[in-house]
Amino acid sequence: MKNSQTVLAFQESWLAEPRVALDKKIAEYLGSIVVDQTGAFLSQVAETKLRSQAETLANELKTQGEKLFKEKPLAGVCIGIKDNIAVEGEQLTCGSRILEKYRAPYSATVIERCEKAGALIFGKLNLDEFAMGSSGENSAYLKTSHPTHPDRVCGGSSSGSALAVAGRLVDTSLGSDTGGSIRLPASFCGTFGLKPTYGRVSRYGLVAYGSSLDQIGPLSNSLSDLELMARVIYGSDPRDSTSVQTELAGWNSEVSKSANPRPQFGFLADNCLEGLQPEIRLQYEVLKEQARSKGAQVSEIDLGFLKQSVPVYYIIAMCEASSNLSRFDGVRYQSRAAASFEASKLDEFYESTRALFGSEVKKRILLGAFALSSGYYDDYYLKAAKVRRLIAQELNQVFQKIEAIVLPTSSTTAFKKGERQTDPVKMFLSDLYTVVANLAGVPALAFPHSKDNEGLPIGFQIMGPGFSDEKLVIWAEQYLTQAIDVGAK
Amino acid sequence: MNFEAVIGLETHVQLNTESKIFCGCPAKPRTGVSVADQEINSSICPVCTAQPGTLPVLNQKVVEFALRAGLATQCSIRSPNVFARKNYFYPDLPKGYQITQFELPIAENGFILIDLPSGEKKIRLKRIHIEEDAGKNVHYGPYSLVNLNRAGVPLIEVVTEPDLSTPQEASQYMKALYALVTYLEICDGNLQEGNFRCDANVSVRPIGESRLGTRVEIKNVNSFRYIEKAIEYEIHRQVEMIRAGKRIVQETRGFDSARGVTQTLRVKEEAEEYRYFPDPDLAPIVISDRQIELVRVALPELPRDHQKRLESEYKLSSYDASVLTTDKTLAVFFDQCIAYMRPKAKPEADVPSLAKSCCNLLTTEVLRFLTENQIEMSEVKITPSDLGELTLKWVAQEVSSTGAKKVLEKLLSEGGSVELWVTKLGVKQENNDGELMKIVESVLAENGAQFKEYCSGKDKVIGFLVGQIMKKTGGKANPSKVQMLIADIAKKSG
């Protein structure tokens, strides 16, 4: 029996039997992890640690009762962490051989917040190496598989974060989203996933891929769980200069009162939907009607810049990555190729260790370094930065007229393993609908909707202007999701 | 064919903030511990060792210090100014890039005035930018280790236009900039520890030629004397190469101070590729007019103003005044000496002569003592009131020049009061006319023949007579006083 309770429901039952409920849940999850075939977990936290944390929490619950959940909203919540987020004392491989022996000497801000809120961290989750990939096929460790269709990919790069949630191996998880890395696997696996407004969640402790695009966000099986996590992890952080340094950063639960009762949603016009899988195209129409019937105002919009957004995204992400990944040079982190000890020149030393990167990572470092080099900088990085600003401006203009855009997450449902590995352009186009939110720094929420003919989850996303994160959750709940559970199982 | 040199300097000034530029680690060892003695890798954290996932947070003090430097050199302040990443691999650079400023530095287009025998010269500053220092590689036999204590220590880099033409101008500029940053109290100015280090770009061209010659960079010179020697050697080398029909190679050279020559460090075969781009981890630095005004009004007296004041108030030569103001501690010490002496000086004693005497003691005796003992002005035991007191005694001829020097030596090394050492060393000059007169008269009587010669106009004999009297008093008599008494007696008897 797999746990399908929401956190709030669990906390209620736990309150009734503080001694048993949490222990039972932990046992169930640990059992599920043992038999997991999808490759969700890269490492697990010691069971004894979980048990002792659970005991402490159970005691607190006995003495404090319901009040515990005010102080510790994540009390008893079992979470998994993408293995590019630092948890003190735990591994931080980023799915790469180059960090195989490294253990984080500190915890990310989001981890400190989750722990303080009473969450139980189960372990580190699989990912595409350094969060580079859309399919979940680029981990240097475990191969991942779609939870219901083993011949299919689960989406990436937060592959393990989606798998752990969809497979009911944890209550919720944290992923990171640079160009869709939370939303894509969430849609492929039939879960919810939130990419926050840039700067509302601290990046301190998230191993950088594209620093100006990266955000940590939650994945879950329900909107209420998603909001619970958001409430904890949102907020300004003095250790991250790009975090919003006002109280606006924090999650505002009061927003529901001011949310427009008849929101205006923009749905993409036909020219933006070329190449969409027919079932997704059909379900998009269904979703539009559903929103309209529930009282939303619906209009058609043309996001002409979608096509430009992918090359702009890749140039910026790769340029930043080429620099961000320079620190993996073999000098620190106990990661050093054997050949580096034989190196007679400094260049050889670096080459031997950096050969530990996987091919996708090498490709992106090379392309990024090329695009930043003198003679090309103006044509690539600078131009991409300019177009990025224009895209953000145009998007803001769109948000003057409507409140949110409802759009596909991907043009297809989960595709077959290996299918796009040889076709990078097709692989990059998996990100057509997701990268705009990162380029503009706005929030986007991926939600499960229906299934295609093969029974694969179809998900969509709702994207709003900066700081509309709370509204996205409310609107998704009121207008866009169906009452039935459409999760993978 | 005659040649001229074109020289530009880039100076790295280590800022003396408490903590590093992007994390909370101490930026320097505990007081009393030298950088060399600081325990290796003791001032490090996840941020400055570039642990994966960490982020930089700017120390605002660094911005304030850079503003001080910019405003004191008449630069225009850029807002917003932007941090960039300079990407290169080296084991002492933990992130694989240095956070610096590239296209948009905090300060630009200023100048520094320097003194030359021909008068004042304006050296234009192209820019001042903020950056972080790297760590240090340490080599043990076959192993190379990295000490990251220095990684993330804040620096400003001050870059001149190629306005300098001689080695002397370069060292004058270096001294002027050094004085400036120590006056501004943004740099500890410890040259040995590399707080202040210069790179010189040197090229030569035939006089009359407008195109610049091939430029050679001399790296990391940390002394006023060496910069002069290094550039002198380099100009000579380049001119000789051209005269011999050889091509100057664009390269980086180091100065070997023991041999007095520059040597190739690395040849730049092609333009360096640093792949600069704006650092996405740090927001642009926005500086308000109000912030600029607050820093501007709080600027202390600058070395050049101080120098001018010493020249006009105390009639010090511009040479003396510039030597004093190269080191703020020295100049402030001098001011305090004057402040002590002023109320105590006899009405007829003029302040300029006190000032000149005090300055002489400071710039010759005290500076020599500092060099000989390898210590800083702040470490000596003498106080300004001691030196003031000693100067007063010397000017009033209560101690001789030799006596004053002896006392000073003791005050510098052991402390204590002027009075104490004058007595202990027995260097008090005899100024009592009555006592002295008796001795003079007796000596003249003993040396009647010589005295007669003197009276008859042989002035040179006075030396012998004074010498005899000094001998009799054990050196305690004031020789000029003795001379006056002899002249008096001669006049009376004549």
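The structure we're discussing is the one just above.
Structural notes, computed from the coordinates. It should be emphasised that the depicted structure is a prediction, and the values quoted were computed from it without experimental measurement.

Thoughts on the overall build of chain B
Here is step 1 of the chain: The secondary structure content of chain B amounts to 15 helices and 14 strands.
Here is step 2 of the chain: In summary, chain B has a C-alpha radius of gyration of 29 Å against a globular reference of 23 Å for 494 residues, an excess of more than 25%.
Here is step 3 of the chain: Along the three orthogonal principal directions, the C-alpha set of chain B runs to about 95 × 55 × 55 Å.
Here is step 4 of the chain: Expressed as a percentage of the 494 residues in chain B, the buried residues total 41%.
Here is step 5 of the chain: Within chain B, residue pairs in contact and separated by at least 24 positions form 70% of the contacts whose partners lie at least 6 positions apart.

Brief notes about the overall build of chain A
Here is step 1 of the chain: Helix and strand content of chain A: 17 helices and eleven strands.
Here is step 2 of the chain: For chain A, the C-alpha radius of gyration of 22 Å lies close to 23 Å, the compact-globule estimate for 489 residues.
Here is step 3 of the chain: Dimensions of chain A, computed from the C-alpha atoms along their principal axes, are close to 65 × 55 × 45 Å.
Here is step 4 of the chain: Here chain A holds 489 residues, and the buried ones make up 58% of them.
Here is step 5 of the chain: Looking at chain A alone, contacts between residues at least 24 apart form 75% of all its contacts between residues at least 6 apart.

Looking at the nonpolar core
Here is step 1 of the chain: Of all hydrophobic cores here, the largest spans 223 residues; its most connected members are A:Ile79, A:Val406 and B:Ala200.
Here is step 2 of the chain: Leaving out residues up to four positions away in the same chain, B:Ala200 has contacts with B:Ile7, B:Leu9, B:Ala170, B:Ile218, B:Val221, B:Ile227, B:Ala230 and B:Ile231.
Here is step 3 of the chain: Counting residues in hydrophobic clusters, the runner-up holds 37 residues, among them B:Leu324, B:Ala331, B:Leu362 and B:Trp421.

Some words on the pairing of strand β1 (residues 3-14) of chain B
Residue and element names in this part refer to chain B.
Here is step 1 of the chain: Pairing of β1 with strand β10 (residues 196-206) involves eleven bridges; the strand directions are antiparallel. Along β10, the bridge assignment pairs Glu10 with Asp199.
Here is step 2 of the chain: With five bridges joining them, β1 and strand β9 (residues 154-160) adopt antiparallel strand pairing. Directly across from His12, in β9, lies its bridge partner Glu157.

Some words on the environment of B:Ile382
Residues and elements named next belong to chain B.
Here is step 1 of the chain: Secondary-structure assignment places Ile382 in the loop between α8 (351-373) and α9 (384-395).
Here is step 2 of the chain: Residue classification places Ile382 among the buried residues on the basis of 23 C-beta atoms within 10 Å.
Here is step 3 of the chain: Between the C-alpha atoms of Ile382 and Ala339, which are 43 residues apart in sequence, the distance is 16 Å.
Here is step 4 of the chain: Setting aside its immediate chain neighbours within four residues, Ile382 contacts Leu387, Leu411, Leu412 and Gly415.

Some remarks on the interface of chain A and chain B
Here is step 1 of the chain: If you look at the interface, chain A gives 32 residues, while chain B gives 28 residues.
Here is step 2 of the chain: Taken together, the elements giving at least two residues each to the side of chain A that touches chain B come down to α11 (306-324) and α13 (359-372) of chain A.
Here is step 3 of the chain: If you tally residues by element for the side of chain A that touches chain B, the top one is α11(A), at three residues.
Here is step 4 of the chain: For the side of chain A that touches chain B, the class distribution of residues is 16 nonpolar, nine polar and seven charged.

Structural notes on helix α3 (residues 224-243) of chain B
Residues and elements named next belong to chain B.
Here is step 1 of the chain: Given a rise of 1.5 Å per residue, 20 residues ought to cover 28 Å, and the 29 Å separating the end C-alpha atoms of α3 matches this to within 8%.
Here is step 2 of the chain: By the burial criterion, the buried members of α3 are Tyr226, Ile227, Ala230, Ile231, Tyr233, Glu234, Ile235 and Gln238.
Here is step 3 of the chain: Where α3 is buried, its residues contact β1, α2 (167-183), β10, β11 (216-221), β12 (251-256) and β13 (261-267).
Here is step 4 of the chain: Directly after α3, the chain includes Gly245, whose backbone phi takes a positive value near 80°.

Quick look at the sheet that holds β9(B)
Here is step 1 of the chain: The strand order across the open sheet formed by nine strands is β2-β5-β6-β9-β1-β10-β11-β12-β13 (chain B), and the pairing between neighbours is mixed. Here the strands that pair on one side only, and so sit at the sheet edges, are β2 (76-77) and β13 of chain B.

Description of the environment of B:Leu93
Residues and elements named next belong to chain B.
Here is step 1 of the chain: Structurally, Leu93 is set in the loop between β3 (83-87) and β4 (97-101).
Here is step 2 of the chain: Note: C-alpha distance between Leu93 and Thr391 (298 residues apart in sequence) is 52 Å.
Here is step 3 of the chain: Beyond its immediate chain neighbours, meaning those up to four positions away, Leu93 contacts Tyr88, Gln98 and Ala134.

Brief notes about the environment of A:Tyr433
Residues and elements named next belong to chain A.
Here is step 1 of the chain: In this fold, Tyr433 is placed in the loop between α15 (424-428) and α16 (435-440).
Here is step 2 of the chain: Overall, Tyr433 belongs to the buried group, with 31 C-beta atoms counted inside 10 Å.
Here is step 3 of the chain: The sequence separation of Tyr433 and Val310 amounts to 123 residues, and the corresponding C-alpha distance is 8.8 Å.
Here is step 4 of the chain: Ignoring anything within four residues of it in the chain, the contact list for Tyr433 reads Leu407, Pro408, Thr409 and Ser410.

Some details on the packing of helix α8 (residues 223-233) of chain A against helix α17 (residues 469-480) of chain A
All names here are of chain A.
Here is step 1 of the chain: Interhelical geometry of α8 versus α17 gives an angle of 170° and a closest axis separation of 10 Å. Considering the angle they form, α8 stands roughly antiparallel to α17. Side by side, α8 and α17 meet where Leu223, Leu226, Glu227 and Ala230 of the first sit next to Asp469, Val473, Ala476 and Glu477 of the second.
Here is step 2 of the chain: When grouped by side-chain class, the residues that make up the contact of α8 with α17 number five nonpolar, no polar and three charged.

Observations regarding the sheet that holds β4(B)
Residues and elements named next belong to chain B.
Here is step 1 of the chain: The three strands are arranged β4-β3-β14 in an open sheet whose pairing can be described as antiparallel. The open sheet has two edge strands with one neighbour each: β4 and β14 (277-278).
Here is step 2 of the chain: In terms of strand pairing, β3 meets β4 through five bridges, oriented antiparallel. Paired with Lys86 across the two strands is Gln98, which belongs to β4.

Brief notes about helix α11 (residues 418-425) of chain B
In an α-helix there are 3.6 residues to a turn, and that puts residues three or four apart on one side.
Residue and element names in this part refer to chain B.
Here is step 1 of the chain: Buried within α11 are the following residues: Val418, Trp421 and Val422. Around the axis of α11, the buried residues are gathered within 105° of arc, so they sit on the same side. In α11, those exposed residues whose orientation departs by more than 90 degrees from the buried face are Thr423 and Lys424.
Here is step 2 of the chain: Taken together, the buried residues of α11 touch α9 and α10 (401-414).

Some words on the packing of helix α1 (residues 60-72) of chain B against helix α4 (residues 289-297) of chain B
Residues and elements named next belong to chain B.
Here is step 1 of the chain: The interhelical angle for the contact between α1 and α4, taken along N-to-C directions, is 70°, at an axis separation of 10 Å. On the basis of the axis angle, α1 is roughly perpendicular to α4. The crossing of α1 and α4 is right-handed. Across the interface between the two elements, Glu64, Leu67, Arg68 and Leu71 of α1 pack against Ile292, Val295 and Arg296 of α4.
Here is step 2 of the chain: Tallied by class, the residues present in the contact of α1 with α4 amount to four nonpolar, no polar and three charged.

Procedures and definitions
Residues numbered from 1 in each chain as written. Chains lettered and ligands numbered in written order. Predicted model: local features only at pLDDT ≥ 70, side-chain atom pairs only at ≥ 80, totals over all residues. Helix = DSSP H or I, 4+ residues; strand = E, 2+ residues; numbered from the N terminus. Rg over C-alpha atoms; globule rule 2.2 N^0.38 Å. Buried ≥ 20, exposed ≤ 12 C-beta atoms within 10 Å, placed from the backbone. Contact = placed C-beta atoms within 7 Å. Core = buried A, V, L, I, M, F, W, Y, C linked by C-beta atoms within 7 Å. Pairing = 2+ DSSP bridges. Nonpolar A, V, L, I, M, F, W, Y, C, P; charged D, E, K, R; others polar. Expected span 1.5 Å × (residues − 1). Axes fitted to C-alpha atoms, helices over the stretch in contact; angles between N-to-C directions. Parallel < 35°, antiparallel > 145°, perpendicular 65-115°, else oblique. Arc of directions from axis to C-beta. Left-handed = near helix turned anticlockwise from the far one by under 90°.

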